[in-house]
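Coordinate inspection notes
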Amino acid sequence: MRIALVSREFPPASGSGGIGTYTEKTAHALAAMGQDVHVFTEGDPGASRTTSGGAHIHVVPEIRARPDERRAVLRAVAVSRALRKTGPFDVVQACEWGAEAFAYAPRRAGLLITRLATPAYVVNRLNGMSARARLRTAVVGRLERLQARWSDHVISPSRSLADMVGRDWGLDPRRMTVVPTGIEIPIADPTRIPAYLSGKRFVLYFGRLERRKGVKTWIDALRDVLDNDPELWAVFAGQDLGLGGTPVHEYARDLLGPRMARVVFLPRLPHSELFPLISASTLVAMPSVWESLANACLEAMALGKPVIATSGSGFGEVIRDRVNGFLVGPEDSNALARTAIDALADPIRLAQVGQAAAARASDFALDKMAGRLLELYGQLIGPRPSPAVARALG
């Protein structure tokens with residue numbers, strides 16, 4: 001099967017954001033299963049085509065136009081041209097974020113699948129963006145919606161995201177399928193832990209430091225958590241995106257006062273440094289306001305770490321409260337603090353929850369999820385000749 005995956009970012013050249021990381025892992029997994037996989041990603045216009053893990057990488061020149069909506073349209077046009085030049089493909093898959101396949105959709109050759117990440121309108125709402133600010137992103141949001149509506153099928157990493165976006169965008173549920181993100185079982189090198197954390201018990205928050213990820217709720221809860229255990233430390237790792245214009249570390253400093261002596265803020269870390277940190281932690285906090293299903297949660301669980309997450313979203317599709325993790329209501333710092341304090345007070349139960357978490361995470365192994373994705377492709381293509389086969393037959 002000839003498959004194209006579209007992603008503006010692709011590690012390592014474009015960083016390791018969630019969409020780029022998903023695309024890299026999926027491309028490699030599908031190629032390992034014998035598929036002809038092509039990735040279309042943004043980069044230096046002078047870069048040559050390369051191969052990564054068996055997948056062919058095609059560089060689409062970076063678009064630097066302003067404003068954002070003009071850049072989105074020009075990028076979608078550039079992606080469409082690249083797909084048509086290199087195609088046809090049996091399947092083209094692109095996330096809704098940024099509407100990269102918007103221009104390709106009306107005159108597509110073969111199957112077009114939109115994979116939901118988290119649409120811009122959801123991110124803006126969860127981050128408490130003002131109505132005026134949301135208006136500035138309305139055009140790109142509409143393009144994201146049109147891409148999904150014009151696609152042959154939409155896939156989602158969780159039922160929670162599928163239900164919400166399907167309802168808001170008026171998508172036919174018969175054209176939507178849940179295919180969770182697959183994970184590679186992390187490998188943690190204990191020697192990569194910072195020396196000043198060696199031998200210390202600490203709770204960990206990692207990922208973007210922003211409101212929708214629940215970082216404010218966690219900092220509010222930390223007052224009681226740190227007071228309850230004078231030996232406990234708290235570690236944050238991720239890009240500081242601020243809270244209403246105030247850097248997160250400044251908010252923590254003002255709120256926690258002298259407790260900051262046991263609080264560490266680290267930048268976004270590569271997996272080689274992040275995974276040992278996760279493995280050494282006692283408890284992982286992911287109190288998102290709402291979450292489809294963070295790949296980071298599955299990685300932490302795979303490393304045997306108990307995760308405190310929030311109910312009412314995709315976390316509940318993976319975590320059973322007090323069995324393989326903990327669930328609390330969103331933006332409830334008091335409940336979050338009580339749950340963390342209770343969990344930390346019982347090391348034996350905490351270890352049991354961590355073991356159950358690792359077992360649950362194995363259900364989302366990358367090869368299993370790639371197999372489900374490939375099976376869906378085959379079902380959607382059906383018995384009709386694929387574009388690639390039709391071209392070969394002339």
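Below is a short write-up of the structure. For clarity, every value in this text was computed on a predicted model and none was experimentally measured. (Residues numbered from 1 in each chain as written. Predicted model: local features only at pLDDT ≥ 70, side-chain atom pairs only at ≥ 80, totals over all residues. Heavy atoms only, no water.)

Time to look at the overall build of the protein. A tally of helices and strands in the protein yields 14 helices and 14 strands. Expected size for 394 residues packed as a compact globule is a radius of gyration near 21 Å; at 22 Å, the protein falls within 12% of this value. Its C-alpha atoms give the protein principal-axis dimensions of about 75 × 45 × 40 Å. Taken across its 394 residues, the protein has 54% of its residues classed as buried. In the protein, the proportion of contacts linking residues at least 24 apart, taken out of those at least 6 apart, comes to 67%. Positive and negative side-chain charges in the protein, numbering 49 and 39 respectively, have mean positions lying 6 Å apart. (Helix = DSSP H or I, 4+ residues; strand = E, 2+ residues; numbered from the N terminus. Rg over C-alpha atoms; globule rule 2.2 N^0.38 Å. Buried < 20%, exposed > 50% of the residue type's maximum accessible area, 1.4 Å probe, protein only. Contact = heavy atoms within 4.5 Å. Lys, Arg positive; Asp, Glu negative; His and termini not counted. Charge placed at Lys NZ, Arg CZ, Asp CG, Glu CD.)

Below, the discussion takes up unusual backbone geometry. Of note, the bond from Arg66 into Pro67 is cis; its omega dihedral lies within 30 degrees of zero at -5°. By the secondary structure assignment, Pro67 is in the loop between β4 (55–61) and α2 (68–86). Residues Gly87 and Pro88 are joined by a peptide bond in cis, for which omega reads 10°. If you trace the backbone, Pro88 turns up in the loop between α2 and β5 (91–95). Unlike most non-glycine residues, Ala99 shows phi in positive territory, near 55°. On the basis of relative accessible area, Ala99 is assigned to the buried category, the value being 0%. Backbone geometry at Arg322 places phi at a positive 65°, although glycine is not the residue there. Among the structural elements, Arg322 can be located in the loop between β13 (307–310) and β14 (326–328).

The final tally for this structure, using the stated rule, is five aromatic pairs. Summarising the aromatic geometry, the rings of Phe102 and Trp150 are spaced 5.6 Å apart at their centres and angled 15° between planes, so their arrangement reads as stacked. Of the two residues, Phe102 sits in the loop between β5 and β6 (111–115) while Trp150 sits in helix α5 (residues 138–150), which places them 48 residues apart along the sequence. Accessibility expressed as a relative area gives 36% for Trp150, which makes it partly exposed. (Phe/Tyr/Trp six-rings, centres within 6.5 Å; stacked < 30°, edge-to-face > 60°.)

It is worth spelling out the nonpolar core at this point. Of all hydrophobic cores here, the largest spans 35 residues; its most connected members are Phe206, Leu277, Ile278 and Val307. Broken down by secondary-structure element, the contributors of at least two residues to this core are β9 (202–206), β10 (233–237), β11 (263–266), α9 (271–280), β12 (283–286), α10 (295–302), β13 and α12 (347–361). If you tally residues by element for this core, the top one is α10, at five residues. In contact with Ile278, other than residues within four places in its own chain, are Leu204, Phe206, Val284, Ala300, Leu303 and Lys305. The next biggest cluster of nonpolar side chains, apart from the first, holds 32 residues, and it includes Val248, Leu256, Leu283 and Ala285. (Core = buried A, V, L, I, M, F, W, Y, C linked by side-chain atoms within 4.5 Å.)

Honestly, it's all geometry; don't read function into it.
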